[in-house]
Amino acid sequence: FFFFFFFALPPIMLGQAVVVLRGPTPPPPPTSTRTLQSTRGSRTRRTRTSGGTRKTLLSHRPLPLPLPIQRRCRRLRCRALESRTEKFLSDLEKESELALAKRDEEKRRKTEELEGIQDELDALYEVTFRGKELKRIASVTSAEDFRKLGKEDPEAFKDLMDVLREKDAKVWKDLQTKSHTLSLKKMELEAWLKEEQAREAVAEEEEEEEEEGASAEGFLLGSQAGEANIVCVVGFERFNLSLYKKVAKDLSKRSAGRIRLQVFSDQDIELHPEKVQSALKDSCDIFFGSLLFDYDTVTWLAEQVADIPVRFVFESDLSLMSMTQVGSFTMAMKDPGKKAGPPPAVKKILSLFGSGREEDRMVGYLSMLKFGPKLLKYLPGQKVRHLRNWLNVYNYWNQAGSSNVSSMFTLIVNEYVQKMSDVEMEQVTEMPSQGCIHPATGEIFETPAKYMEWYNKAGPLAGTGAPKVAILLYRKHVLTEQQYILQLIRHFEQDGLIPVPIFINGVEAHTVVRDILTTKYEKDRGSLKKGFVEVDAIVSTIGFPLVGGPAGSIEAGRQSEVSKEILQSKNVPYVVAAPLLIQDIESWDRMGMTGLQSIVLYALPELDGAIDTVAIGGLVADDIFLIPERVKRLTSRLHKWISLRNKPNKDSKVAVLLYGFPPGVGATGTAALLNVPNSLVSLLKTLKDEGYDVGSIPDDLNGDDIIEMIRSLDNPRAISAGAAAVNEIGEKRMEKLGGSVSASEVSPAQLRDWLTFPRSWGPTEWGPIPFLPDASILAQKVESQWGNLGNPSHLSVSGEGNYVVSGLQFGNVWIGVQPLLGVEGDPMRLLFERDLTPHPQYAAFYSWLQNGFEADAVLHFGTHGTVEWLPGSPVGNTGLSWSDVLLGNLPNIYVYTANNPSESIIAKRRGYGTIVSHNVPPYGRSGLYKQLAILKDLISDFREDPVSSAMLKETIVDTMAAAGLYADCPYTEEKPKITVSDLEDIADSDFIGYMNRVFTYLQVVENRLFSEGLHVIGRAPDEEGMYKYLSAYFGDRMPDDLVKAICQAKGEHTVEQILERYGQAEAPTTSISEEVETALSIRNLLMKNTEETRSLVRALNGEYIPSVAGGDLLRDGPGVLPTGRNIHALDPYRMPSEAAFQRGTSAAKQIIAQHQDQNNGEFPETCAVALWGLDSIKTKGDAVAIVLHLVGAKTERDSTGRIARFELIPLAELGRPRIDVVCNMSGIFRDTFQNVVDLLDDLFARAAESDEPLEMNFIRKHTEEMAAKGIDRGTSRLFSNPSGDYGSMVNERVGSSNWEDGTELGDTWVSRNAFSYGKGGEKGNARPEVLESLLKTTDRVVQEIDSVEYGLTDIQEYYANTGALRKAAETARNSTGRKGKVGCSIVECFGEETSPKELEDVLRMEYRSKLLNPKWADAMVSQGSGGAYEISVRMTSLLGWNATADFESDFVYDQAIETYVDNEEVAEALKKANPQAFANILKRSIEAARRGFWNADEEQIEKLTEMYNEMDKLLEGVD
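A brief structural summary. (Residues numbered from 1 in each chain as written. Predicted model: local features only at pLDDT ≥ 70, side-chain atom pairs only at ≥ 80, totals over all residues. Heavy atoms only, no water.)

Some details on the overall build of the chain
Then, in step 1: For the chain, the count of helices and strands is 64 helices and 37 strands.
Then, in step 2: Nonlocal contacts in the chain, meaning residues at least 24 apart in sequence, comprise 76% of its contacts between residues at least 6 apart.
Then, in step 3: Split by element, the accessible area of the chain, about 57400 Å² in all, is 48% carbon and sulfur. (Helix = DSSP H or I, 4+ residues; strand = E, 2+ residues; numbered from the N terminus. Contact = heavy atoms within 4.5 Å. Areas by Shrake-Rupley, 256 points an atom, 1.4 Å probe, with all protein chains shown as cover.)

Quick notes on the sheet that holds strand β15 (residues 611-620)
Then, in step 1: Read across the open sheet, the eight strands follow the order β8-β7-β10-β9-β13-β14-β15-β16; overall the sheet is mixed. Either end of the sheet is taken by a strand with one partner, and the two such strands are β8 (441-445) and β16 (623-626). With strand direction ignored, the average angle separating the axes of adjacent strands in the sheet is 30°.
Then, in step 2: In this sheet, β16 lies alongside β15 in antiparallel orientation, the contact comprising four bridges. Pairing of V620 across the sheet is with D623, part of β16. (Pairing = 2+ DSSP bridges. Axes fitted to C-alpha atoms, helices over the stretch in contact; angles between N-to-C directions.)

Overview of a negative patch on the surface
Then, in step 1: A cluster of acidic residues, E1448, D1450, D1454, D1497, E1498, E1499, E1502, E1506 and E1510, forms a negative patch at the surface.
Then, in step 2: Secondary structure elements with two or more residues in the negative patch: α61 (1450-1460) and α64 (1498-1516).
Then, in step 3: With five residues, α64 is the single largest residue contributor to the negative patch.
Then, in step 4: Mapping E1448 onto the fold places it in the loop between α60 (1425-1445) and α61.
Then, in step 5: Look at E1448 and you get exposed, because its relative accessible area is 71%. (Patch = residues over 30% accessible without salt bridge, like charges linked within 9 Å, V, L, I, M, F, W, Y side chains within 5 Å. Salt bridge = Lys/Arg side-chain N within 4 Å of Asp/Glu carboxyl O. Lys, Arg positive; Asp, Glu negative; His and termini not counted. Charge placed at Lys NZ, Arg CZ, Asp CG, Glu CD. Buried < 20%, exposed > 50% of the residue type's maximum accessible area, 1.4 Å probe, protein only.)

Details of the nonpolar core
Then, in step 1: The biggest cluster of nonpolar side chains holds 212 residues, and the ones touching the most others in it are F288, F409, V656, L859 and F861.
Then, in step 2: In this view, L859 contacts V654, A655, V656, L657, L683, I893, V895, L1096 and L1100; residues no more than four positions away in its chain are not counted.
Then, in step 3: Core analysis: the second largest hydrophobic core is formed by 104 residues, A1369, M1420, Y1453 and A1456 among them. (Core = buried A, V, L, I, M, F, W, Y, C linked by side-chain atoms within 4.5 Å.)

With respect to the pattern of salt bridges
Between side chains of opposite charge, a pair can form as their charged atoms come close.
Then, in step 1: Scanning the entire structure with this criterion turns up 79 salt bridges.
Then, in step 2: With a shortest N-O distance of 3.3 Å, K650 and D651 are connected by a salt bridge.
Then, in step 3: Among the charged side chains, a salt-bridge network with shared partners connects R1205, E1207, D1242, R1246 and K1319.

Some thoughts on the sheet that holds strand β28 (residues 1166-1171)
Then, in step 1: A sheet is described by the order of its strands in space; here eight strands give the open sequence β34-β33-β32-β31-β28-β35-β36-β37, paired in mixed fashion. Every other strand in the sheet has two partners, leaving β34 (1323-1326) and β37 (1397-1398) as the edge strands with one partner each.
Then, in step 2: Lying on the sheet, helix α47 (residues 1138-1158) is in contact with β35 (1338-1345), β36 (1383-1388) and β37; it crosses β35 at an angle near 140°.

Digging into unusual backbone geometry
Then, in step 1: Of note, the amide linkage connecting T863 to H864 takes the cis form, showing an omega dihedral of -15°.
Then, in step 2: In this fold, H864 is placed in the loop between β21 (857-861) and α36 (882-887).
Then, in step 3: The omega torsion across M1135 and P1136 is 0°, close enough to zero to call that bond cis.
Then, in step 4: Summarising the element assignment, P1136 is placed in the loop between β27 (1126-1128) and α47.
Then, in step 5: We note that L291 has phi near 55°; this positive angle belongs to a residue other than glycine.
Then, in step 6: Mapping L291 onto the fold places it in the loop between β3 (286-290) and α12 (295-304).
Then, in step 7: The exposure class assigned to L291 is buried, which follows from its relative accessible area of 0%.
Then, in step 8: The backbone phi angle of K1180 is positive, close to 65°, even though this residue is not glycine.
Then, in step 9: With respect to the helices and strands, the residue K1180 is situated in the loop between α48 (1173-1179) and α49 (1182-1191).
Then, in step 10: A relative accessible area of 38% means that K1180 is categorised as partly exposed.

A word on the packing of α61 against helix α63 (residues 1475-1490)
Relative orientation and spacing of two packed helices are given, respectively, by the angle between their axes and the distance between those axes.
Then, in step 1: Direction vectors running N to C along α61 and α63 enclose 155°, while the axes themselves pass 12 Å from each other. Taken together, the axes of α61 and α63 lie roughly antiparallel to each other. The two elements α61 and α63 meet at a crossing, and its hand is left-handed. Where α61 approaches α63, its residues Y1453, I1457 and Y1460 are matched on the opposing element by F1478, R1484, S1485 and A1488.
Then, in step 2: Class assignment for the residues of the contact of α61 with α63 results in five nonpolar, one polar and one charged. (Parallel < 35°, antiparallel > 145°, perpendicular 65-115°, else oblique. Left-handed = near helix turned anticlockwise from the far one by under 90°. Nonpolar A, V, L, I, M, F, W, Y, C, P; charged D, E, K, R; others polar.)

Quick word on the packing of α63 against α64
Then, in step 1: The contact between α63 and α64 brings their axes to 9 Å, and the two run at 145°. As α63 packs across α64, the resulting crossing turns out to be left-handed. Only I1501, L1504, T1505, M1507, Y1508, M1511 and L1515 of α64 make contact with α63, whose side of the interface consists of P1475, Q1476, F1478, A1479, L1482, K1483, S1485, I1486, A1489 and R1490.
Then, in step 2: A per-class count over the contact of α63 with α64 returns 12 nonpolar, three polar and two charged.

Some details on the side chain of E1103
Then, in step 1: Within the secondary structure, E1103 sits in the loop between α45 (1091-1100) and β26 (1107-1109).
Then, in step 2: E1103 gets classed as buried once you look at its relative accessible area, which sits at 13%.
Then, in step 3: Within the structure, E1103 has its side chain in polar contact with the side chain of N571 (distance 2.8 Å).
Then, in step 4: Among the polar contacts made by the side chain of E1103, one reaches the side chain of N1101 at a distance of 3.0 Å.
Then, in step 5: Those residues in contact with E1103 that sit more than four places away from it in its chain are N571, R645, R1094 and R1098. (Polar contact = N/O pair within 3.5 Å; in protein donor to acceptor, adjacent residues only side chain to side chain.)

A few points about the side chain of T863
Then, in step 1: Looking at where T863 falls in the secondary structure, it is placed in the loop between β21 and α36.
Then, in step 2: Ignoring sequence-local partners within four residues, the contact set of T863 consists of Y659, A671, A672, V895, Y896, T897 and N900.

Re the packing of aromatic side chains
Then, in step 1: This model, assessed by the stated rule, comprises 38 aromatic pairs.
Then, in step 2: With 5.6 Å between their ring centres and 35° between their planes, F445 and W454 make a pair best called tilted.
Then, in step 3: Look at F445 and you get buried, because its relative accessible area is 8%.
Then, in step 4: Note on W454: relative accessible area 18%, which makes it buried.
Then, in step 5: By way of ring pairs, the aromatic residues F288, F312, F314, W390, Y394, W397 and F409 are connected into one cluster.
Then, in step 6: Positioned above the aromatic ring of Y912, the side-chain terminus of R637 is 4.3 Å from the ring centre.
Then, in step 7: Above the face of the F853 ring, K653 is positioned so that its terminal group lies 5.4 Å from the ring centre. (Phe/Tyr/Trp six-rings, centres within 6.5 Å; stacked < 30°, edge-to-face > 60°. Lys NZ or Arg CZ within 6 Å of the ring centre and 35° of its normal.)

Overview of the pairing of strand β4 (residues 310-314)
One face of the sheet, then the other: side chains in a regular strand alternate in exactly this way.
Then, in step 1: Counted residue by residue, β4 has five buried out of five residues, so it is predominantly covered.
Then, in step 2: Here β4 shows no split at all, with V310, F312 and F314 on one side and R311 and V313 on the other all buried.
Then, in step 3: Relative to β4, β3 is paired through five bridges, and the arrangement is parallel. Counterpart to F287 in the pairing with β4 is R311.
Then, in step 4: Handedness of the crossover is the feature at issue here: the chain leaves β3, passes through α12, returns alongside β4, and the resulting connection is right-handed. (Right-handed = clockwise from strand over helix to strand, strands pointing away.)

What to know about helix α18 (residues 448-458)
Then, in step 1: Along α18, the residues classified as buried are P448, Y451, M452, W454 and Y455. The arc enclosing the buried residues of α18, seen along the axis, measures out at 160°, which places them on a common side. Counted as exposed and oriented over 90 degrees from the buried face of α18: N456 and K457. (Arc of directions from axis to C-beta.)

Put into structure tokens, the structure is as follows:
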């Protein structure tokens, strides 16, 4: 029965940083009754297997706490809780006897009641049917007679009832009523008695089992065996390894060698499996395991320990814990059909612990484990005795310490091997489950209030008024006397923060925050418990989710709602800062935080809204070391956040940063999907209303004027003359805007000083990192890369050699443009080479914000900037990561589009960004225009009456040619285009069929969605905008008039009122009512767009910003609303989700079919699939599922639902060859989903080794071909950029026109993506020969598109990766003599239709629905500067697709020039709003013509060239 309540709860409990990775199916526990003596030396030796992924484990040689603390640990016994428990024990003993008596009495009473009801029924039937007339038909004197008559003689039964009804209707009716009532009561009683009988039978069976078990195990207990052999294997408890080894020596000595304890770590299973196996098979009596989760380790151990009679497994993988066997007590699942669940007494016990809240169940369970042994002594049976032993052993283990661990093993030996009375066993030495400690005293304080009472008298910062910060500590780290804890407390005090260090087990973190921590901002303190204290911030050194800690990681998404509610009530910063316990410091420094470690510190806490995560130390060998420099970063950032809350708004300085990359194309003051000029105005006015000093901005402030002024500051002549000259630019214009130009100079000496660490720093401050940095290492690196500081060739350098930092100042708000990263002509080079450094002026800019302007916070305005992408550790900033250096201690509030959780992760993790999301613009439907609209009308007329409308054929054919539609809708594959002269040879039926296809295509284009315009932060949609959102969301599911009625309704309107207005109030269907309810909810959430500016103010005030999953309304539904939240990604151990697996499988099947249709039924040998962070997060893994199906694999989940392995599907079941896959990973996918990368790498390795025919396994075929050529690691299939780098650089080359042909761009892609990732040390190893070999066999490329907002033509990453990859594959294939194009399947997964389409088809459709569409064009032109830039970007992307995909696009250029250049009104608007963007439209068109991508006539080219030259002169002369 204990199994029931144990496994009904989350399986990871108490105390340590662990996550269930996987659970294999274990063999059943042994049922043998062999004696220990008879088993020695006779066990079957199994084939040795080595398993496992290497895992960095924990270990520490204990450093003693002060003696008073040790004594206090022994004295404290949680007296209040014990007294309550003892009272319950007494009551329970009495209640148990009373309960049995009451149960027997109830059974007797119900039996008598049942007999009475039967008598009543018999009497009722006898009285009813006693008449002579009725008796002539049949004799009925009881209920049984009546039942038999109905069954045996239906005709007589019918006659009897008819006569009764006719003779006396009242009697007949009384019979029906009374018999029904009595029968129901009888059935209830019979059911209760039947259940009671079954319960008694189960109890008797269990008692028999216990008696049999006791009989069978009698020879074990009290055995005369000479010795006891114990094997102990620890996983994430490696910091206790030395303690276990010490205990082993002590036990051997005290038992005179009779107790032999062998200690191993899970790493030993990987490195030396034969040693561990030998110990387990060499007469092992007892197996003890703890904190074991690695799949391979668990699988290996499950096989090795199955025959060991006594097995204890704590806090490990569920399947391994289920192998626990302690006497007759086991945690293995009962046989199906046996009654599960604890008996009433145990339920009674459990009900006493915890608050009754769902989120507190693990806390109650923790108390149950402690007091269970005392409670269980009142329950009978041998099994309970073994359960009590199990609990006692657990308690010894959980309390830790050498004395407890030694007594734990002694208890096990005495109970299950041999009584060793001469080996002393002490009572468990306990420490409170939670409390406060401080290195200056030996006292352990039961509550934070008692701690602060002491601190205010004797603490180092007593009376200073310093901010108070709660620090949540691991209890086991306190128990094992980890040195870093006391050091951490001291560092907080040295940096001016009063620490409130609270040690906890881990699962109860949320109860501590909820019940005994408060803030001066908490409004409702009713739930607080005695002993609470007020703090200014909360720091967790545990990681994981707040609710449940390690256990909560299983269901973090669901419980995060509880966490957010708790943290919102406190409304102070919640920060995670912990030492690395899963990897060591050296590997962190070398390749960043990896795998599970990043999940623990980043992914899971981010679900709760944690910010500013800092890794404060980590493992060196088996010891946990602190890095004081990282602690300094933590405490300094905490000071800044707390200062924001305490500083008056009017005195707060805020730096607002805009973006201007890439240069020269009008990007200044733009951001993805955001109208930056209007949003700036919204921000400034909101800040003014909140009391910030924003200068004297006018009521009619124009955002475009601000952007124009900022652009004017990029004046080389003025910059050369110095800051004073820059400050004179536009003085009068700035007066009208209510601000001033603010330029400053940073001298080389000043910059060098700002980039220099304190010269006194040494090993003490830097900790045990692999090398000791020189104080001036940062400046040295900059000069090594760029030359001496102040070099005149540097960007933004004055004539005197100083770096000029310029912006606009509105009171205490400074607005500037983030500098370029590198040298002109290669401005993004820095992003893609890890060893590079920022340009000196870039470093000067951010250093000046910290030290010159002395900003209190920085606000990065829109998606996205570059500071978070600077060189450094990919995940987990170190002191030498440039993002960390340049952002320093500045709180970084980052405005980000809500539908981009992928890149926002980088901003959060590398850039310390507190995200404030903003909505996407409304959705528009493409509609039809120009020739397309005319063509649809013509075809409609023709289809109505083909005979009489035959004369329309010629017009239709000509219109299709003018619209360039034959490429979209070819007549046939052999004859794609038809002319008027062809009509005579085409049968009417064929032409009608062709028109039907064209008409369908036009309908698809007409209904295609696009993002219409740009969003203004904090602005709720108007009625028209609301209609566009709801219409796009519901599509055909809701009538258009009903959508309009909802948009016109006021906020208080109900569903019924809406339906009444629409005319469906009388009989609305359930579905339409539910849809209207959903629509009203979405409308109300969209009206909360105003939360965006409110959240910005709250973030600038140092408040907590609630978290929410990033996504968009169309794909993810209303859950992503309202915006103004701190968006996060997903739990990577659940990817792909079940739904994503189904979607991806369906898409993969269609991709295979698509390829076969085009290639005479042949299967593709190799597909290249794009694995991107953005679409993987939003779809929850569709693309990963596509890879799995192509390979022929499925997901295997552990007992918690997390994915632990990708398992190959047998070929017989698959029914086709395994298709090889090249996975093209984005840098974000590579860094965020390292666990998926490892699982995929393992899958490919196993597929390559599968004993299958080569013609049925292309992975094996290609791997063996590479092996024959001497190519190393031919199983590599996961490729990306070098570790720490991002991007292919193809778009940079296209943007700078630095390329000759498409092949060169394909080669660039290969050079940037030839780095292999996978298990072990495969972390970015260059393997160009493997990639090239795979590209030669690549037949198809696969790319997902996850949203309406970002299509193939909207952003440059698509052609820079998918396009360039396809070009690289075609080049590689051509080198082998294979000609022709590589297929490219595009899967648009944002709607209901996910059938793959060919690349060219999607490109044409996108250009028709967006760039060439007057509706889209008008929306963008109306957005001013930002809209002009969006048009410009798409013209550059068009050129990229020309180069990489050989996309034929005459019709696109023709119509784009007609729309944006030949239309004088539009051209003038673009020139005025953003002259650089308009110049880029001209430039790309001219370049396309000169490269042969656009067949434009010479006159057209001359006209465009003349216009471009004029624009160039205009831009050169801009003041």
